[in-house]
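Fold and geometry: a report
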Amino acid sequence: MFNKDYNFLVKLFHYLVLGNKIVPELLFDIENLLNKKKINNLNIKHQLYITGLARAGTTILLNTIYSSNKFASYTYRDMPFVISPNIWNIVSKRIKSKKSVLRKHKDNILIDLDSPEQFEEVFWNLKDSDKYIFETFLREYEVDKQSLNLYELFIKNCLIKYKSNNYICKNNNNFLRIKSLLKRFPQAKFLVSIRNPLDHSISLLNQHKNFTKLQGEERFTKSYMNYLVHHEFGLSHKPMILDTKFQSDYGLNDINYWLEQWINLYNFAKKNNFNKNNNVLFIFYEELCNHPNSIMAKINNFIGENVFANIKDLNFKLKRYNENDYQFNSTLKKESLEIYNSFVG
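Residues numbered from 1 in each chain as written. Predicted model: local features only at pLDDT ≥ 70, side-chain atom pairs only at ≥ 80, totals over all residues. Heavy atoms only, no water.

Restricting attention to buried positions, one finds in helix α5 (residues 85–92) the residues P85, N86, W88 and S92. One side of α5 holds all its buried residues, which, seen down the axis, span an arc of 155°. (Buried < 20%, exposed > 50% of the residue type's maximum accessible area, 1.4 Å probe, protein only. Helix = DSSP H or I, 4+ residues; strand = E, 2+ residues; numbered from the N terminus. Arc of directions from axis to C-beta.)

Following this line, the structure appears as structure tokens:
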């Protein structure tokens with residue numbers, strides 16, 4: 001995010017475009033009308049999704065695959081007109097990218113205007129917000145046929161802009177609709193990132209504290225994340241309601257709350273046998289960092305094409321924490337490790 005560089009007019013621009021539905025709905029209709037012929041003639045070859053719980057390595061996985069130049073994705077340059085990238089491109093293509101900056105997560109990941117990010121959720125917020133976004137939680141739901149058909153147009157508009165037949169998306173919220181996407185797009189492939197639950201929950205707690213501070217100091221940061229339905233942590237955090245309602249006896253600054261979040265999502269994946277689905281591949285964060293070439297080869301095989309020939313930088317740093325510095329509930333710890341090991345096996 002570049003919010004620290006956003007002046008009042010840019011913030012107002014984001015609000016006018018993303019803070020209501022009238023403008024983006026109109027722009028989406030115009031975009032589809034202008035691209036009707038190209039849309040009808042475009043066939044999607046690869047449709048690749050990266051998802052999982054935040055802090056599982058989804059961003060480094062996205063950046064690595066995107067650097068192959070084989071896939072198109074929505075980028076910071078498309079903001080705030082994600083819903084109409086080709087119309088906005090008349091202006092955005094003239095904007096020069098500034099020097100890369102560290103994103104606000106303080107995780108040493110550099111971003112610029114042409115970096116891909118979790119912007120796809122702008123579409124789902126526009127079309128289905130009343131079905132899955134609630135005051136205190138996000139809920140799993142079944143996407144109807146009309147929204148799925150419009151979503152395909154949304155994908156094709158991105159491919160038209162970036163002149164590609166291969167689409168890639170990182171969106172942690174796709175777990176809320178993964179069943180519908182698997183059913184509607186049988187050719188689509190899903191990479192589900194998973195990380196050791198103890199390290200993962202510590203990372204989530206750290207980011208929650210980081211973004212709580214940021215959002216308290218910069219009001220627009222909170223608004224920006226709300227526009228993107230980015231509720232993984234911070235002042236606007238909302239847990240996901242998957243098979244059962246998520247309830248916790250722990251506060252948000254307790255490590256066990258975030259361990260419960262881990263259990264909530266990956267137990268849902270376990271119950272639904274996603275690891276046994278031929279269109280789903282689980283990517284272990286630790287293995288990605290320690291043996292990146294092996295993981296890249298596995299993804300190539302999964303996709304059915306060598307998409308990593310041009311990738312050179314595979315030097316990922318594995319960050320581990322000392323679990324003894326945190327008071328994990330023994331029952332939750334045992335349950336999370338059992339779930340994790342079930343995927344390893």
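In this section: the packing of aromatic side chains. The tally for this structure, following the rule as stated, stands at 24 aromatic pairs. For the pair W262 and Y340, a centre-to-centre distance of 6.4 Å together with 50° between the ring planes defines the contact as tilted. One end of the pair, W262, is in helix α11 (residues 255–271); the other, Y340, is in helix α14 (residues 330–344), and 78 residues separate them in sequence. Accessibility classification places W262 together with Y340 in one group, the buried group. Three or more aromatic residues joined by ring pairs make a cluster, and in this case those are F28, Y74, F123, W124, Y151, F154 and F185. Over the ring of Y132 we find R177; its NZ or CZ atom is 5.0 Å from the centre of that ring. (Phe/Tyr/Trp six-rings, centres within 6.5 Å; stacked < 30°, edge-to-face > 60°. Lys NZ or Arg CZ within 6 Å of the ring centre and 35° of its normal.)

The next point concerns a positive patch on the surface. A surface patch of like charges, here positive, comprises K38, K93, R94 and K163. By secondary structure assignment, the location of K163 is in the loop between α7 (145–162) and β5 (166–170). In this structure K163 comes out as exposed when scored by relative accessible area, which is 75%. (Patch = residues over 30% accessible without salt bridge, like charges linked within 9 Å, V, L, I, M, F, W, Y side chains within 5 Å. Areas by Shrake-Rupley, 256 points an atom, 1.4 Å probe, with all protein chains shown as cover. Salt bridge = Lys/Arg side-chain N within 4 Å of Asp/Glu carboxyl O. Lys, Arg positive; Asp, Glu negative; His and termini not counted. Charge placed at Lys NZ, Arg CZ, Asp CG, Glu CD.)

Before going further, it helps to spend a moment on the sheet that holds β5. Read from one edge to the other, the open sheet built from four strands follows the order β5-β1-β6-β8, with strand pairing classed as parallel. Only two strands of the sheet have a single neighbouring strand rather than two, namely β5 and β8 (280–284). Averaged over all pairs of adjacent strands, the angle between their axes in this sheet comes to 20°, without regard to strand direction. As paired strands, strand β1 (residues 46–52) and strand β6 (residues 189–194) are joined by five bridges and run parallel to one another. For T51, the partnering residue across the bridge sits in β6 and is V192. Along the sheet face, α11 touches β1, β6 and β8 and points at about 140° away from the line of β6. Where helix α13 (residues 292–303) meets the sheet, it contacts β1, β6 and β8, and its direction lies at approximately 175° from that of β8. (Pairing = 2+ DSSP bridges. Axes fitted to C-alpha atoms, helices over the stretch in contact; angles between N-to-C directions. Contact = heavy atoms within 4.5 Å.)

Moving on, we come to the packing of helix α9 (residues 197–217) against α11. Between α9 and α11, the shortest axis-to-axis distance is 8 Å and the interhelical angle comes to 120°. Relative to α11, α9 is oriented oblique. As for the relative orientation of α9 and α11, their crossing is right-handed in sense. Residues P197, L198, H200, S201, I202, L204, L205 and H208 of α9 lie in contact with α11, whose contacting residues are I255, W258, L259, W262 and Y266. (Parallel < 35°, antiparallel > 145°, perpendicular 65-115°, else oblique. Left-handed = near helix turned anticlockwise from the far one by under 90°.)

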